[in-house]
There are 2 protein chains.
Amino acid sequence: MKATKILSTQPSVTAFASIGGKKEGEGPLGDYFDKINDDPYFSTDTYEKGESMLQKQAVRHCLDKAGLDAGDIDVLFGGDLLNQCVGTTYGVRSFDMPFLGIYGACSTMSQGLLMASLFVDNGICERAMAVTSSHFCTAERQYRFPLGYGGQRSPTSQWTVTAGASLIVSRHSKPPYARACTIGKIVDMGVCDASNMGAAMAPAAFATVKSFLDDMAMQPCDFDYIVTGDLGKVGSRLFCELMQREGVDVSQNHKDCGLMMYHAHEQDVHSGASGCGCAGSTLCGYFLPKLRAGEIKNILFAATGALLSPTVNMQGESIPSISHLVWLSHGTTI
Amino acid sequence: MKATKILSTQPSVTAFASIGGKKEGEGPLGDYFDKINDDPYFSTDTYEKGESMLQKQAVRHCLDKAGLDAGDIDVLFGGDLLNQCVGTTYGVRSFDMPFLGIYGACSTMSQGLLMASLFVDNGICERAMAVTSSHFCTAERQYRFPLGYGGQRSPTSQWTVTAGASLIVSRHSKPPYARACTIGKIVDMGVCDASNMGAAMAPAAFATVKSFLDDMAMQPCDFDYIVTGDLGKVGSRLFCELMQREGVDVSQNHKDCGLMMYHAHEQDVHSGASGCGCAGSTLCGYFLPKLRAGEIKNILFAATGALLSPTVNMQGESIPSISHLVWLSHGTTI
């Protein structure tokens, strides 16, 4: 049980914020965002600066909701998909907080939440924050084609979410609580198609969720939802199938952030949504408020990340993936 | 004293390895590497795959020196300069270790050491590992120009080190010990010249070292060396000057990894060396063995990272930087 850690003090996720773009505002989760920005430039002159603005807004809103200043935060964990994580570094540079940069691709929010929870649970700090973002326009031109090219998207491709999300973990007795977590291992099953990241990431989600359930001797029925993100349509089917092969039925309570963000047909997103901001904002906008209110009692949050770069993928390499997991509860007993 | 954490159990850095390229083998630290590779491709067909091989070798050598298997490691912290940190993810994917990706540019080794030390000190795990790398050929073509272009390098530019380094932190009573650490904050003084990263990073090193000394009420003379990396010639001068202005004289015991790696004139490296592998391999190859042997009693290790990307730099942005610090000792009392 090396990778799974029980968080014995059950730290609270005391504040959370999610900021979205126009398309996200028009999706089924539209009403759950704290703020929707219709301008993809976020009042800056480039998409990259816009993505940094998204992170700045996410941190600012979260601090405001918590009634805290930047100086009250002991450490900030942040990362994103952009080369050298500049969405984060330029977004948070004005906040004067101790900062630890993380890279987990689309699993960034579960990695940040996991690390913030471990730091608070072990008394390394009092209040830890996590932030992430993604942006359709920055991701398209970095990973795929210039937007003006109008490239055809394959049926297995996913639409990068324009959203930022952040949360604060503190030692506090207010739901939701972080109860345990599993640090993921890199899994690479040889999938080389960068337009089918769901298939590349499903085995990582499977490995992490399975090892959590085994380590804790728990069942899928112990949770309202087993939340992956962002496997999309293809990856979600594979994830359930891989679990089924091991005799574990998650079909009744599996939710994938990549399938929750958009109206699949009307919004023309093919296999679903993706991006650090997808699982991040779905957690901070939808799940955490419901866990706080007690509408949901227990979830496993297992965001997934594809750890490729366009360069090595074009050199013929397959796509290594990872998934980190945090168990979140409304109560402190099962 | 929020950012500085005392490591009360004084975890040991029980193993370390450094792997270099041809030019590094010809420098003043050449004999301190565990292994020198003359082939810049590391027997692969691309430089990027070569850099991953460098990380694989660094992890493998470190495990061998410790007499451990991958399964003995509870968590691996790793990152590098390549887009999406692929030097790391492809380098370590075969090891089947719980993995937490980090991004701190050239400060990666101090961030990894800091996190590994905090995890072990607080009982989150028994054995934590950190790994990083950089490669001249991958960095040049990603950050600057295609190698074949033969671009002129400016006098303030630094030469990216081709090296990988890794270390293992455990609860053990064997020197060297990690005694305390300071999590850095992002500092941006408005330097926009990507050919002068030393100037961009010096204020970050200053901020972190100064806050450690203040938090701990210690003096530069308490340490054999205050080690920064990789400020190079320009940044080192600025670092000493910034400290001097605050009345702290570090000129007697300041060492910069960027000035230690190469013979400045003979090897034609302009302002010095840089890259995650620079501070990483100087620590793992030179300082840690001397700390273990007692030839050196105390150092502050404060690697520095420039958190830019070429994209945002070309959009006119300045260069945010960060420095994380770990105090390493031969003994457990000052």
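Residues numbered from 1 in each chain as written. Chains lettered and ligands numbered in written order. Predicted model: local features only at pLDDT ≥ 70, side-chain atom pairs only at ≥ 80, totals over all residues.

**Here we look at the overall build of chain A**
A count of helical and extended segments in chain A gives 10 helices and 15 strands. Against the globule reference of 20 Å for 334 residues, chain A gives a C-alpha radius of gyration of 18 Å, in line with a compact fold. Overall size of chain A, expressed as C-alpha extent along the three principal axes, is 50 × 50 × 35 Å. Within chain A, contacts between residues separated by at least 24 positions form 80% of all contacts whose residues are at least 6 apart in sequence. (Helix = DSSP H or I, 4+ residues; strand = E, 2+ residues; numbered from the N terminus. Rg over C-alpha atoms; globule rule 2.2 N^0.38 Å. Contact = placed C-beta atoms within 7 Å.)

**Regarding the relation of the copies chain A and chain B**
In the superposition of chain A on chain B (RMSD 0.0 Å, axial shift 0.0 Å), the rotation amounts to 180°. Seen this way, the second copy is the image of the first under a two-fold rotation axis. Relative to the rotation axis, the C-alpha of Ile102 of chain A is the closest in chain A, positioned 2.0 Å from it. An overlap of 100% is found between the interface residues of chain A and their copies at the interface of chain B, pointing to a shared contact surface. (Least-squares fit on C-alpha atoms with pLDDT ≥ 70 in both.)

**Quick word on the domain arrangement of chain A**
Residue and element names in this part refer to chain A. Its domain assignment divides chain A into domain 1 (11-170) and domain 2 (177-329). The gap between the C-alpha centroids of domain 1 and domain 2 is 18 Å. In this complex, domain 1 contributes 49 residues to the contact, which on the side of domain 2 involves 50 residues. Contributions of two or more residues to the side of domain 1 that touches domain 2 are made by strand 2 (12-21), helix 1 (22-25), helix 4 (108-121), strand 6 (127-134), helix 5 (136-143), strand 7 (159-160) and strand 8 (163-170). Take the side of domain 1 that touches domain 2: its biggest share by element is eight residues, from helix 4. For the side of domain 1 that touches domain 2, the residue count by class is 24 nonpolar, 21 polar and four charged. (Domains from an automatic or database assignment. Nonpolar A, V, L, I, M, F, W, Y, C, P; charged D, E, K, R; others polar.)

**Focus on the interface of chain A and chain B**
The figure often quoted for interface size is the accessible area lost as the parts come together. With 47 residues of chain A in contact, the opposing surface of chain B contributes 47 residues. Broken down by secondary-structure element, the contributors of at least two residues to the side of chain A that touches chain B are helix 2 (47-66), strand 4 (75-80), helix 3 (86-92), strand 5 (99-101), helix 4 and helix 10 (310-314) of chain A. Residue contributions to the side of chain A that touches chain B peak at four residues, all from helix 3 of chain A.

**Brief notes about the pairing of strand 6 of chain A**
Residues and elements named next belong to chain A. Here strand 6 lies mainly inside the structure; eight of its eight residues are buried. Neither face of strand 6 is exposed, since Arg127, Met129, Val131 and Ser133 on one face and Ala128, Ala130, Thr132 and Ser134 on the opposite face are all buried. As paired elements, strand 4 and strand 6 share six bridges and run parallel to each other. Looking at strand 6, one finds that Gly79 is bridged to Thr132. Sheet analysis places strand 6 next to strand 8, joined by eight bridges and oriented antiparallel. Within strand 8, the residue paired with Arg127 across the bridge is Ser170. (Buried ≥ 20, exposed ≤ 12 C-beta atoms within 10 Å, placed from the backbone. Pairing = 2+ DSSP bridges.)

**Focus on the environment of Gly87 of chain A**
All names here are of chain A. Topologically, Gly87 is positioned in helix 3. Note on Gly87: 35 C-beta atoms within 10 Å, which makes it buried. Sequence separation of Gly87 and His135 is 48 residues, and the distance between their C-alpha atoms is 9.2 Å. Other than its neighbours up to four places away in sequence, Gly87 contacts Glu51, Ser52, Gln55, Asp80, Leu82 and Ser133.

**Some remarks on the pairing of strand 10 (residues 225-229) of chain A**
Residues and elements named next belong to chain A. Burial analysis of strand 10 places five of its five residues in the buried class, the great majority of the element. Alternating residues of strand 10 divide into Tyr225, Val227 and Gly229 and Ile226 and Thr228, and every residue in both groups is buried. Taken together, the five bridges between strand 10 and strand 13 (residues 298-306) define a ladder with parallel strand orientation. Bridging across to strand 13, Tyr225 finds its partner in Ile299. Bridge analysis of strand 10 against strand 11 (residues 254-256) gives three bridges, and the strand direction is parallel. Residue pairing for strand 11: Val227 is matched across the bridge by Lys255. For the handedness criterion, the β-α-β arrangement of strand 10, helix 7 (residues 232-245) and strand 11 is classed as right-handed. (Right-handed = clockwise from strand over helix to strand, strands pointing away.)

**What to know about helix 9 (residues 276-293) of chain B**
Residues and elements named next belong to chain B. With 18 residues, helix 9 should reach 26 Å at 1.5 Å per residue; the first-to-last C-alpha distance of 25 Å fits that figure. Along helix 9, the helix axis deviates most sharply at Leu283, where the bend reaches about 35°. Across the 18 residues of helix 9, 14 count as buried, placing the element largely inside the fold. Gly294 sits one or two positions beyond helix 9 and adopts a positive phi of about 90°. (Expected span 1.5 Å × (residues − 1). Bend = angle between axes of the 7 residues up to and from the residue.)

**Side note on the nonpolar core**
Ranked by size, the top nonpolar core spans 240 residues in total, and within it Leu167 and Leu300 of chain A together with Leu167, Leu300 and Phe301 of chain B carry the most contacts. If sequence neighbours within four positions are ignored, Phe301 of chain B has contacts with Ser110, Val227, Leu283, Phe287, Leu325, Val326 and Leu328 of chain B. (Core = buried A, V, L, I, M, F, W, Y, C linked by C-beta atoms within 7 Å.)

**Structural notes on the packing of helix 4 (residues 108-121) of chain B against helix 9 of chain B**
Pairs of packed helices are described in terms of their axes, by the angle between the two and the distance that separates them. All names here are of chain B. At their nearest, the axes of helix 4 and helix 9 sit 7 Å apart, and the two run at 55° to each other. Considered as vectors, helix 4 and helix 9 are oriented oblique to each other. Touching Thr108, Met109 and Ser110 of helix 4 are Cys276, Ala279, Gly280 and Leu283, all from helix 9. For the contact of helix 4 with helix 9, the residue count by class is four nonpolar, three polar and no charged. (Axes fitted to C-alpha atoms, helices over the stretch in contact; angles between N-to-C directions. Parallel < 35°, antiparallel > 145°, perpendicular 65-115°, else oblique.)

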